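# Coordinates in review
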Amino acid sequence: MCQQKWRLIRAATFLQSSIVQFWKGESVLFRAHTGSVRSVCFSADGQSLLTASDDQSIKLWSVHRQKIICTLREHNNWVRCARFSPDGQLMVSVSDDRTVKLWDASSRQLIHTFCEPGGYSSYVDFHPSSTCIATASSDNTVRVWDIRTHTLLQHYQVHSAAVNALSFHPSGNHLLTASSDSTLKILDLLEGRLLYTLHGHQGSASCVSFSRSGDQFASAGSDQQVMVWRTNFDSVDYSRVLQQKRDHRTPSAQASGAAGDPESRSGQKTEVSPLLGVSAERSVREPTPQQQTDADGVPAALTSTLQHIIGQLDVLTQTVAILEQRLTLTEDKLKECLEQQHQALTEH
């Protein structure tokens, strides 16, 4: 584990040069670009690598063959960042030419160009659903774009300096940003509002990232500090409790689907995130009469009642979380007002 960490750190030191370095036992160096390499990104399957450079190009690499697949040259200024979508079907890039370009990963063809109305974007990333992207801009703004309709969904002006990086929560409901104003911001994408402002860094906050589980996130900045934070939003997904219960059933019950499954009903279930328009559909089957009793001997009616109770607990938990968030915002505003009054009295 220590050796792997050392390798990652060693590889990161080459990002400001024109060299790309692969690690597999021993490192392999490639002079891939004629300018500084600004970002590197692996595809979800780990078979491809995307690099962005000051030479105004994006290069797609085959990790297995350790060679360049193609070079994309549609930008006319430094390319700051390039990313694969989580499903591996798309790529996105941002440049100092104030454009955001969406690419087809298979054909390597340009699909669409978004034009930034203000400054240039220095960072871009995909929503976990692969249906949206978010950009961090030098004009102090964060924008969320729908890549299916090519429209701007949300526009946040919550920072007082350039936004340097961002990271989606694995749930897709929150967005974390880092800015040169020394703050981190957590945005609620479902309600379209600022949730928290975090003060900790003494200089510019340069990068942020959620953990894979989403229960923690890390930030780093020009103050030479790396900070690890614990999240306190997104209530417990009680459906996981039911899933764990189902995992202990007999193989026959797991294969056919029991009546205790909250999604076991005829037709299809569509889960929609209202503001982002993220949807996922899946087919489910009507349980047979033999499945009306849980494999553990629990009647279907009792299982349904327990599911209803869990659903109500989930709603209550979310309500408490929202009230807590609003109380925090109120306290911040009250503190600001008191400080302004104190300053006014001091001046007089």
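Note: the structure precedes this text.
Report on the accompanying structure. Predicted, not measured: the structure shown is a model, and the values here were computed from it.

### Observations concerning the overall build of the protein
Tallying secondary structure elements over the protein gives four helices and 23 strands in all. Scored against the burial criterion, the 348 residues of the protein give a buried share of 40%. For the protein, the share of sequence-separated contacts (at least 6 apart) that also reach a separation of at least 24 residues comes to 38%. As displayed, the protein has an accessible area near 19300 Å², and 52% of this comes from carbon and sulfur atoms.

### Looking at the sheet that holds strand β15 (residues 163-168)
The four strands are arranged β15-β16-β17-β18 in an open sheet whose pairing can be described as antiparallel. Each having just a single partner strand, β15 and β18 (193-199) make up the two edges of the open sheet. Sheet twist, expressed as the average angle between the axes of neighbouring strands with direction ignored, equals 20 degrees. Note that strand β16 (residues 174-179) and strand β17 (residues 183-188) share five bridges and pair antiparallel. What sits directly across from Leu 176, in β17, is Ile 186.

### Comments concerning the environment of Thr 346
Mapped onto the secondary structure, Thr 346 falls in helix α4 (residues 300-347). Among the polar contacts listed, one links the side chain of Thr 346 to the backbone oxygen of His 342, at a separation of 2.8 Å.

### Here we look at unusual backbone geometry
Phi angles above zero are rare outside glycine, and His 150 is one such case at about 60 degrees. Relative to the assigned elements, His 150 resides in the loop between β13 (142-146) and β14 (151-156). For Ser 182, which is not glycine, the phi dihedral falls at a positive 80 degrees. With relative accessibility at 19%, the residue Ser 182 sits in the buried group.

### Some remarks on a negative patch on the surface
A cluster of acidic side chains, namely Glu 331, Asp 332, Glu 336 and Glu 339, defines a negative patch on the protein surface. Assignment of secondary structure puts Glu 336 in helix α4. On the basis of relative accessible area, Glu 336 is assigned to the partly exposed category, the value being 45%.

### Some points on the pairing of strand β8 (residues 90-95)
Burial analysis of β8 places six of its six residues in the buried class, the great majority of the element. Side chains of β8 alternate between two faces, with Leu 90, Val 92 and Val 94 and Met 91, Ser 93 and Ser 95 buried alike. Two strands pair when backbone bridges link them, and strand β7 (residues 79-84) and β8 are joined in this way by five bridges, in the antiparallel orientation. Bridging across to β8, Ala 82 finds its partner in Ser 93. Taking the residues between adjacent antiparallel strands as the criterion, β7 and β8 are bridged by five residues, where Gly 88 takes a positive phi near 75 degrees. Of the strand pairs in this sheet, β8 and strand β9 (residues 99-104) are connected by five bridges, and their pairing is antiparallel. When the sheet's bridge partners are listed, Leu 90 is paired in β9 with Asp 104. Here β8 hands over to β9 after three residues, with Arg 98 in that stretch at a positive phi of 65 degrees.

About the thresholds
Residues numbered from 1 in each chain as written. Predicted model: local features only at pLDDT ≥ 70, side-chain atom pairs only at ≥ 80, totals over all residues. Heavy atoms only, no water. Helix = DSSP H or I, 4+ residues; strand = E, 2+ residues; numbered from the N terminus. Buried < 20%, exposed > 50% of the residue type's maximum accessible area, 1.4 Å probe, protein only. Contact = heavy atoms within 4.5 Å. Areas by Shrake-Rupley, 256 points an atom, 1.4 Å probe, with all protein chains shown as cover. Pairing = 2+ DSSP bridges. Axes fitted to C-alpha atoms, helices over the stretch in contact; angles between N-to-C directions. Polar contact = N/O pair within 3.5 Å; in protein donor to acceptor, adjacent residues only side chain to side chain. Patch = residues over 30% accessible without salt bridge, like charges linked within 9 Å, V, L, I, M, F, W, Y side chains within 5 Å. Salt bridge = Lys/Arg side-chain N within 4 Å of Asp/Glu carboxyl O. Lys, Arg positive; Asp, Glu negative; His and termini not counted. Charge placed at Lys NZ, Arg CZ, Asp CG, Glu CD.

So, to be careful, I would describe these as geometric facts and stop short of saying anything about function.
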